[in-house]
Amino acid sequence: MEGALLANGRAGTALLFAELAHTEPAYADAARASLVECARALGSAPSRSGLFSGLAGLGLAGRAVAGATGREVPIRRQILGALTPAARSFSGLVRGRLTTGDAPLRMADYDLLYGLTGMGVYFLAEAPEGSDSLGEVVSALTRLQGTRKVNGRQVPAWCVASTPAAEDAQGFLNLGMAHGISGPLAFLSVVLLSGQEYPGLREAVERLAAWLLGRRGTSPEGGTAWPRFLQVDEHGRTSPGTPFTQLSWCYGDVSVGNAVRLAGRALGREDWTSLATRALLTACGGPPPGKPLRDAALCHGWSGLLALVLRGAEDAPGDAGAELVAEHLAERVLEHYDPSTPFGFQADLGTLNPRQDDPGFLMGAAGIALALHAYGTGGTPRTGWDAALLLGPPV
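Residues numbered from 1 in each chain as written. Predicted model: local features only at pLDDT ≥ 70, side-chain atom pairs only at ≥ 80, totals over all residues. Heavy atoms only, no water.

Participant: What is the right way to read the overall build of the protein from this model?
Facilitator: Within the protein one finds 14 helices and seven strands. Counting across all 395 residues of the protein, residues that qualify as buried make up 58%. Nonlocal contacts in the protein, meaning residues at least 24 apart in sequence, comprise 65% of its contacts between residues at least 6 apart. Accessible area of the protein: about 15,500 Å², with a carbon and sulfur share of 52%. (Helix = DSSP H or I, 4+ residues; strand = E, 2+ residues; numbered from the N terminus. Buried < 20%, exposed > 50% of the residue type's maximum accessible area, 1.4 Å probe, protein only. Contact = heavy atoms within 4.5 Å. Areas by Shrake-Rupley, 256 points an atom, 1.4 Å probe, with all protein chains shown as cover.)

Pasting the structure below:
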């Protein structure tokens, strides 16, 4: 199934060509061809359901291709049929883990890339309004607002173990968008922004956002900052587990700030939205804290920041500073363009890994091209591709 994934497979290129086909119909054939290749790569019995690691991401790509080409995509029905019972089963599993406190909880149970949050993004876009599948996911994720007792101590419900072996006295709380609590908060917020209501939904958005706001600090530059994660000691007390600042879509200041921005919009809290938008523009307009960004990718590179700012600027209409920040980020993206490589951009996974030629969405050229296209056209993406990053509701 690897070739069909949204993270680094043909689902990402299908999204790119679908977006381009809205204004350049010649790309419609390429969008459909990419989706056909995804279907071939699925195999006879795909087992993964996540947004970036399975069927949910392919379903979003199928929806985008159908909308851009005006032609139905049969695989959409197959994916919805497969994910509907999967959502019921997975939601029940996660609810049980959040309720009892006995079974180990994993980030992949609830996160955006692999877990329930990513499945929820798919159902919000693809399932009928008020669907049972979306309700199952929302019901499970709203339980993250509470606490549970693990090894005799009361901790936030979404606390996970520091080791994969078991819940132990050294748990931690991931705050980021990709794998942490910002993903569920952003998702629950966009459910509200889409006009849908479920029991406990507003309360969960308010409590999770308030919790994050209570953990914000100040960056060395004087801006609002959040840590990557918090360590939990044997008494349930928390402390930052890494240097306080990071600049990327997946973790850190602007990652958490985006979730708070969406929560503010969903609840009509202009103070939250204003604070988060200012933090986003301030952070992205200056030099990155700590280590410099290594590549142009959406996940932890320059194009992810560009996509964040383009959406965040919607909450700062007419702000010339927002336009300058977006221009600055687009220039940083283009600095990484290398015409000698197969896709023009390479993914940099660190010193232990060689640079990779990745055509995909999250770490590769398709995602970079989508961010640059959004910047160049100056409008909301026609396919709503950035809903996969939880930058706003699906269109």
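Participant: Can you walk me through helix H1 (residues 10-21) in this structure?
Facilitator: Side chains three or four residues apart in an α-helix point the same way, a direct result of the helix having 3.6 residues per turn. For H1, with twelve residues, the first-to-last C-alpha span of 16 Å sits near the 16 Å given by 1.5 Å per residue. Extensive coverage of H1 is indicated by the burial of ten of its twelve residues. Those residues of H1 lying buried are Ala11, Gly12, Thr13, Ala14, Leu15, Leu16, Ala18, Glu19, Leu20 and Ala21. In this fold, the buried residues of H1 make contact with helix H2 (28-41), helix H3 (55-69) and helix H14 (365-377). (Expected span 1.5 Å × (residues − 1).)

Participant: Sorry if this is basic, but what is going on with empty space enclosed by the protein here?
Facilitator: Over the atoms, a rolled probe matching the size of one water molecule traces out where space is still vacant. Evaluation of the coordinates by the stated rule reveals one cavity of 30 Å³ or more. For the largest cavity, the calculated volume is near 90 Å³. For the lining of the largest cavity, the element with the highest residue contribution is H3, accounting for three residues. Here the residues of the lining of the largest cavity are counted per class, giving nine nonpolar, two polar and one charged. (1 Å grid on protein atoms, 1.4 Å probe; cavity = no way out; pocket = protein on both sides within 12 Å on 5 of 7 lines; lining within 4 Å. Points joined across faces, edges and corners; volume = space filled by probe spheres on them. Nonpolar A, V, L, I, M, F, W, Y, C, P; charged D, E, K, R; others polar.)

Participant: Explain the pattern of salt bridges to me, please; I cannot follow it from the model alone.
Facilitator: Note that side chains of opposite charge can pair when their charged atoms are close. A full pass over the atoms with the stated rule returns 19 salt bridges. Where arginine 261 meets aspartate 315, a salt bridge forms, and the shortest distance between an N and an O atom there is 2.8 Å. On the criterion of sequence distance, the pair formed by arginine 261 in helix H10 (residues 253-267) and aspartate 315 in the loop between helix H12 (302-312) and helix H13 (320-334) is long-range, its members being 54 residues apart. On the accessibility criterion, arginine 261 (1% relative accessible area) is buried. Arginine 355 is paired through a salt bridge with aspartate 348; the nearest N and O atoms lie 3.1 Å apart. Within this structure, Arg261, Arg265, Arg311, Glu314, Asp315 and Asp386 form a network of salt bridges that share partners. (Salt bridge = Lys/Arg side-chain N within 4 Å of Asp/Glu carboxyl O.)

Participant: When you look at the environment of glycine 176 in this model, what are you seeing that I'm missing?
Facilitator: Tracing the backbone shows glycine 176 in the loop between strand S3 (172-174) and helix H8 (182-193). Classification of glycine 176 as buried rests on a relative accessible area of 1%. Linking glycine 176 and serine 248, residues 72 residues apart in sequence, is a C-alpha distance of 9.5 Å. Setting aside anything within four residues of it in sequence, one finds glycine 176 in contact with Ile181, Ser182, Gly183, Arg228, Cys250, Tyr251 and Ser255.

Participant: Which parts of the structure should I look at to understand the nonpolar core?
Facilitator: When a protein is soluble and globular, its nonpolar side chains tend to lie buried together. If you look at the biggest cluster of nonpolar residues, it comprises 134 residues, and the most contacted ones within it are Phe52, Phe187, Trp249, Phe361 and Trp385. Counting residues per element, this core draws most heavily on H3, which supplies nine residues. (Core = buried A, V, L, I, M, F, W, Y, C linked by side-chain atoms within 4.5 Å.)

Participant: How should I be thinking about the layout of surface pockets in this particular structure?
Facilitator: Its volume calculated, the second largest pocket comes out at about 340 Å³. Residue assignment for the lining of the second largest pocket shows that the elements contributing at least two residues are H12, H13 and H14. A breakdown of the residues in the lining of the second largest pocket according to their chemical character gives twelve nonpolar, four polar and five charged.

Participant: Sorry if this is basic, but what is going on with the side chain of aspartate 348 here?
Facilitator: Here aspartate 348 shows up in the loop between H13 and H14. We classify aspartate 348 as buried; its relative accessible area is 12%. The residues touching aspartate 348, leaving out its near neighbours within four places in the chain, are Arg294, Asp295, His300 and Arg355.

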